[in-house]
Structures are given as structure tokens and as C-alpha cells.
Amino acid sequence: MCDFAPLKNDLFIRAAFCEKVERTPVWAMRQAGRYLKEFQEVRAKHDFFTVCRTPELACEVTLQPLRRMELDAAIIFSDILVIPQALGMEVQMVPGKGPVFPKPLANPGDLKTLNQTPDVDKELGYVFDAIKLTRQKLDGKVPLIGFSGAPWTLMAYMVDGGSSATFSKARSWLFRSPNESKALLDLLTDTIIKYLVNQVRAGAQALQVFESHAGILGSSTFAQFSLPYLAKIATQVKKQLSDLGIQRVPLIIFAKGAHYAIQELSATDYDVISLDWTMDVKRAREICAKKSKALQGNLDPAMLYAGVDEICSATKKMVQDFGVTGHIANLGHGMYPDLDPEHLKAFVNSVHSASEELINSA
Ligand code: 1CP
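Residues numbered from 1 in each chain as written. Predicted model: local features only at pLDDT ≥ 70, side-chain atom pairs only at ≥ 80, totals over all residues. Heavy atoms only, no water.

## Focus on the pairing of strand E9 (residues 327–331)
Moving residue by residue along a regular strand, the side chains alternate between the two faces of the sheet. Among the five residues of E9, five are classified as buried, and the element is accordingly described as predominantly covered. Where burial is concerned, the two faces of E9 agree: the one with His-327, Ala-329 and Leu-331 and the one with Ile-328 and Asn-330 are both buried. Pairing of strand E8 (residues 294–299) with E9 involves five bridges; the strand directions are parallel. If you follow Gly-297 over to E9, its bridge partner there is Ala-329. The β-α-β motif built from E8, the intervening helix H15 (residues 308–322) and the parallel element E9 has right-handed crossover chirality. (Buried < 20%, exposed > 50% of the residue type's maximum accessible area, 1.4 Å probe, protein only. Helix = DSSP H or I, 4+ residues; strand = E, 2+ residues; numbered from the N terminus. Pairing = 2+ DSSP bridges. Right-handed = clockwise from strand over helix to strand, strands pointing away.)

Structure follows, in C-alpha cells:
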């Protein structure tokens, strides 16, 4: 591992491990992205995956939101779909449409077209290089988060071939071809474990796993096709990092829409359970406090369309609902492209002021 500057602001790490903080740390999913005009300027010159694959560009867009506001963490700029690419699939990012797979997995027979033994260091080395460069440039300002898509969410894109409201093709696999689905989920899980461990070896100081499409699975389908893989990722990443003698890093799970699984998720090795805005904070707190898990979230991103005064009062209420121990403030999902950066800034500043007020009044 490289030598990097010590952390000047470790609020995020302390909150993730439920340690004492002097204010609540805050960051936003998709804090780098299209709502920033400086990001759009980079994107006007370079294709989406060129930005991901060029460490100087990925580093630059990672740092852009930190120049505008007092965020307590950075997240490396990349995409969850770099894993299907590493397994040999083509993915295009079509402006206005999102990700498109020209040749999705049409039937389970297509599994044999995937690279079963991907060389993660070779195929995804550009992500590790971007992480190293960004750690250097951050110079200890805030921690750098690495991430991956979760197996089910990646399978959903690989089978449906792009965004979908229902991911009905991928869901049909789960019921018509459960064994082949599990073979695909196993391949993804093993690849994700290597990918996340190597992100930490490169310099990532926390990891988030995005199960963005948990909500379209029912609780028993989730229990069969998502949870075991999520659990294995956390256990194995922790074990392998410990075997390598690397200091523990917080692991965050964001299973969007998985209301029914908060209890089960709190029994895995993740340190932080990330809530979307539809989830009940009080209930999640009760469940997770028993397991000493921290929570992340969960302001409705659409709240940032409101005026600054409304944003401040909603944020204050959110900070009070979660309490100041074991809470990382975030939105309940990513920033939308047409949100005003100044409104995100109002959210960030309100988290800081409301949590300081709460701590000082205690
Ligand atoms: O043309 C563009 O610039 C595309 C916009 C864009 C951006 C800015 C995409 C396409 N991906 C990203 C970056 C990205 N994606 C990050 C960057 C780091 C940061 O948070 O600042 C991260 C963490 C992701 C993760 C990601 N990609 C997820 C999980 C988070 C979530 O939103 O649930 C998912 C589902 C994707 C797939 C994807 N990539 C891009 C889009 C528009 C989508 C979503 C497609 C869909 O809605 O189904």
C-alpha cells in the first residue's frame, strides 16, 4: 500500500464505527455528476467511460463537489457497470437514455460468453490508479469511498440490457433458471470481492455496495438471490483485508427499497446500513442499535427542489430523527441531474449546524 497523508477530517470513519463525533458527517450519493456545470464541461469533451478510465479525469470530477461545499467524504468517480465490462460485456452510456448493453445476456446459454476468470487487476486497474491519484490529491482532507454494484443489481442490467422499471427479463431468470442465475451471481460476487479488496489496497478508506434494485425483489426472492451474496461480500472483504494486515475500513450497504430486510442486513458484517427516503428511521434505528450498526441517509433527494428554508428545516428534523451517534447524513438516493448545487450546499451546511446544535445542547 502507498503512503498517504493522515486524515484531517475523520468524522465519516468515526460515525461509521458508532464512535463519538463533534458533528454529523455528510456526503451525497452521486455528488459528482451532471448537476455540476464543471462536470458537464468535462463530459462535453470526453465520453463517459473515458472519464472513468482516465485517472486524471476521474480524479478531477471526484474533487469537483469538494471545491464547492464542505463535504465530509469523497467518492471515487466510476460506475457500477465497469464490472460487466470486466467480464467481457460491452456497455455504452447513451446521453439522455443511460446505460445500454448492445448484447445483453439473452438466455442462460450466454453465460459461457462471459470471462469466468477475470484478471481484476488488469481489467479494472484504471480504477485503482484513479483511487491512488485521488488519495494523493486529497492530501488527507476527507476520506475516499470506493464502491461496487451488488450482484443482483449488476445481473439486472446485464440481462435486461439497460435501465428498466421492472427488470422483468432478469426477474424471469430467477424463476425459470434459478441455478444459472446463481452461477451468474456467484461469478459477480467473486469478482466484486477482489475488486473491493483491491480498491482498499489502492487507497479507498471506506466501501459502499449499491444494491439499487433490491426494491423490485420480494422479501423471499431477496433472501434467496440478493442477501447471501451481499453477506458473503462483507464477510470475505473483511477477512481478506485482515489477512493482508490492512486496517479495517467501514463497509456500507445501500439496498434501495429493501424495507423488509433491515433486520437481516443488520445481521451481516456491514458496518453501516444506508436507508432510502421511504424507509422508517425510527424502526431502522431500533433494529440497528441492537447490532451496533450505524445508519446512513436519508433525505428525499426531491426535497432539494424546495426552497433553502424548507431544506434547512427538513434537514434539521432528519438530524434529530437519526440522533448524532452512528449517523452519516446523506440523501435517500443520488442527486438528480437538474438539482441546484446551491441546494445541496444548503443541505450540507444544515447537517453541520443542526448536529452541532444538538450535541452542544445535550
Ligand atoms: O452521461 C453521464 O454523465 C451519465 C451520468 C452518470 C454518472 C454521473 C452515470 C450513468 N453514472 C455516473 C456516476 C456514478 N454512478 C457514480 C459516481 C460517484 C458519485 O456518486 O459521485 C456512482 C456511485 C454510480 C453508481 C451507479 N451507477 C448506480 C448505483 C447508484 C444508484 O443511483 O442507484 C447505478 C444504478 C448506476 C447505473 C447507471 N449509470 C449511469 C446511470 C444514469 C445509471 C442509472 C441507470 C438507471 O436508472 O437504471
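## Looking at the packing of helix H2 (residues 37–45) against helix H4 (residues 55–68)
Viewed as axis vectors pointing N to C, H2 and H4 meet at an angle of 165°, and their least axial separation amounts to 9 Å. Put simply, H2 runs roughly antiparallel to H4. Judged by the twist between their axes, the crossing of H2 over H4 is right-handed. The segment H2 lies against H4, with Lys-37, Glu-38, Phe-39 and Val-42 engaging Leu-57, Val-61, Gln-64 and Arg-68. Partitioned by chemical class, the residues of the contact of H2 with H4 number four nonpolar, one polar and three charged. (Axes fitted to C-alpha atoms, helices over the stretch in contact; angles between N-to-C directions. Parallel < 35°, antiparallel > 145°, perpendicular 65-115°, else oblique. Left-handed = near helix turned anticlockwise from the far one by under 90°. Contact = heavy atoms within 4.5 Å. Nonpolar A, V, L, I, M, F, W, Y, C, P; charged D, E, K, R; others polar.)

## Some thoughts on the sheet that holds strand E5 (residues 206–211)
Across the sheet, seven strands lie side by side as E1-E4-E5-E6-E7-E8-E9; this open sheet has parallel pairing. Looking at which strands have only one partner, the edges of the open sheet turn out to be strand E1 (74–75) and E9. This element, helix H10 (residues 178–202), spans strand E4 (144–149) and E5 of the sheet and lies at about 170° to E4.

## Here's the deal with the site of the ligand
Close to the ligand lie 23 residues; Arg-43, Tyr-157, Ser-163, Ser-212 and His-333 are nearest. At 3.2 Å, a backbone N or O of Gln-31 approaches an oxygen atom of the ligand. Residue Asp-79 places a side-chain N or O atom 2.8 Å away from a nitrogen atom belonging to the ligand. Bound to the protein, the ligand loses 89% of the 890 Å² it would expose on its own. Its residues assigned to classes, the shell around the ligand shows 13 nonpolar, six polar and four charged. (Near = heavy atom within 4 Å. Polar contact = N/O pair within 3.5 Å; in protein donor to acceptor, adjacent residues only side chain to side chain. Areas by Shrake-Rupley, 256 points an atom, 1.4 Å probe, with all protein chains shown as cover.)

## Concerning helix H16 (residues 341–361)
Along an α-helix, residues three or four positions apart point the same way, because every turn accommodates 3.6 residues. For H16, with 21 residues, the first-to-last C-alpha span of 30 Å sits near the 30 Å given by 1.5 Å per residue. Looking at the packing, one finds that the buried side of H16 touches H4, E8, H15 and E9. (Expected span 1.5 Å × (residues − 1).)

## Quick word on the pairing of E8
A large share of E8 lies buried, amounting to six of its six residues. As paired strands, strand E7 (residues 272–274) and E8 are joined by three bridges and run parallel to one another. In the sheet register, Val-272 faces E8, and the bridge partner there is Ala-294.

## Description of the packing of helix H8 (residues 151–160) against H10
The interhelical angle for the contact between H8 and H10, taken along N-to-C directions, is 120°, at an axis separation of 9 Å. Taken together, H8 and H10 sit at an angle that is classed as oblique. Helix-helix and strand crossings are classified by hand; for H8 and H10 the assignment is right-handed. In contact with Pro-151, Trp-152, Leu-154, Met-155 and Met-158 of H8, H10 contributes Ser-181, Leu-184, Leu-185, Leu-188, Thr-189 and Ile-192. Looking at the contact of H8 with H10, its residues break down into nine nonpolar, two polar and no charged.

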